[in-house]
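Analysis of the macromolecular model
Here is how the chains run, residue by residue.
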Amino acid sequence: MRELLVITGPTASGKSRLAMDIAKEVPLEIISADSMQVYRHMDIGTDKPSMEDRKKVRHHLLDLKNPDEQWSVEEFQRFSEAAIDEIRARGNVPAIVGGTGFYIRALLKGFPLVDAPPNLKFRREMQDMATRSGNEAVHDLLRDRDPWSWEHLHPNDLKRVIRALEYYDAVGHPISLRREAKSSRRYEYLMLGLQWERQELYRRIDGRAEEQVRRGLIEEVRGLLQMGYSKELASMNGLCYKESCMFLEGLLTLDETKELIERNTRRYAKRQMTWFAREEGIIWIRAGNDRHWEDTLDEALQMVKARCL
RNA sequence: GGAGAGGUACCCAAGUGGCCAAAGGGGACAGACUGUAAAUCUGCUGGCAGACGCCUUCGCUGGUUCAAAUCCAGCCCUCUCCA
């Protein structure tokens, strides 16, 4: 059985490069598992694959949405499942490439699709209640409806508390039951993770902001703002964008902006590593300055050829 | 040279005799995560110990006191203003 190829790892670990290199020997099509690269006009800050790469290898789930359009895990799940079928029908190997662990988990372990979309009015109400009566008051609403969540969610984790409530409101049973539920679709997969020594990865991240600024990050963000996309949007709160908005508002100097971007990127990488550390099924492939990229690539290639072809 | 202000833990910064291993913020570190996840949230941060607790810290050296980051003396350093 041909397995699905998944390439993941923290930001700046070389996922795209690995995928592109593998594609030289294996008929790959890439499905981006990146929550930010779905947005159009956000290229430099998201480090989106170049048009050149996209010409060489077919990419999916890039530039699907405008920055103010709705997008979420569930949609990622649907779109990527469809893309997988499509790619296989063409006789190619689907490669999920990206660092958004939540998306990858949703696809692989498959959260069951449930009809509980965001309910904005409900969220508003809960939000108001929180500001009026405190986060604990909202959190306490979970007690009877979803004891597991009540116990495991911190009252200050308002987003999740509200979502748990919202879910219950829509479906009538606790969202926490979903963790036991089986997905409708399951995949056999080969999940490769690029592993770097922490300090080395951080060094790669440092200086990256400098590079992005040189490539026009600030202009990109200014353009987004001019198109009418506000800094309040989720998309505009992504790495690089949030900081660039602050710069454009005069809150930061350019140097401070670059520093902030790098720091936040390191933190992001750390969060990803924490996530992946408890994710099961990842085969880690070591990369680093003490190892030739060719060796890293070969190690990956061997497994891909053995299991995905 | 003269007049002031100040030196507190990785950084900034409270604290002016006991309730101080020392508020608060930042950073670092760790963790969580099931419909916006590059987001959001939590914990922790002198050393040793499982714990009672013990030990070493508030520029340095002495002193006063039952007791000092806090009071006194000298010294070192920093900053501002006047020369």
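Here's what I pulled together on the structure shown here. As the structure is a prediction and not an experimental result, all values here were calculated from the model.

Side note on helix α15 (residues 293-308)
- With 16 residues, α15 should cover 22 Å at 1.5 Å per step; its first-to-last C-alpha distance of 21 Å lies within 8% of that length.
- Restricting attention to buried positions, one finds in α15 the residues Trp293, Thr296, Leu297, Ala300, Leu301, Met303, Val304 and Cys308.

Quick look at the packing of helix α1 (residues 15-23) against α15
- Interaxial distance between α1 and α15 falls to 10 Å at its minimum, and their mutual angle equals 60 degrees. Crossing handedness for the pair α1 and α15: right-handed. Contacts from Arg17, Leu18, Asp21 and Ile22 in α1 reach Trp293, Leu297, Ala300, Leu301 and Val304 in α15.
- Looking at the contact of α1 with α15, its residues break down into seven nonpolar, no polar and two charged.

Focus: the pairing of strand β2 (residues 28-32)
- With five of five residues buried, β2 lies mostly within the body of the structure.
- Across the two faces of β2 the burial is the same, with Leu28, Ile30 and Ser32 and Glu29 and Ile31 all buried.
- Here β2 runs beside strand β4 (residues 93-97); their pairing, made up of five bridges, is parallel. When the bridges of β4 are listed, Glu29 appears paired with Pro94.
- Note that the unit made of β2, helix α2 (residues 51-56) and strand β3 (residues 59-60) has a crossover that is right-handed.

Calculation notes
- Residues numbered from 1 in each chain as written.
- Chains lettered and ligands numbered in written order.
- Predicted model: local features only at pLDDT ≥ 70, side-chain atom pairs only at ≥ 80, totals over all residues.
- Heavy atoms only, no water.
- Helix = DSSP H or I, 4+ residues; strand = E, 2+ residues; numbered from the N terminus.
- Expected span 1.5 Å × (residues − 1).
- Buried < 20%, exposed > 50% of the residue type's maximum accessible area, 1.4 Å probe, protein only.
- Axes fitted to C-alpha atoms, helices over the stretch in contact; angles between N-to-C directions.
- Left-handed = near helix turned anticlockwise from the far one by under 90°.
- Contact = heavy atoms within 4.5 Å.
- Nonpolar A, V, L, I, M, F, W, Y, C, P; charged D, E, K, R; others polar.
- Pairing = 2+ DSSP bridges.
- Right-handed = clockwise from strand over helix to strand, strands pointing away.

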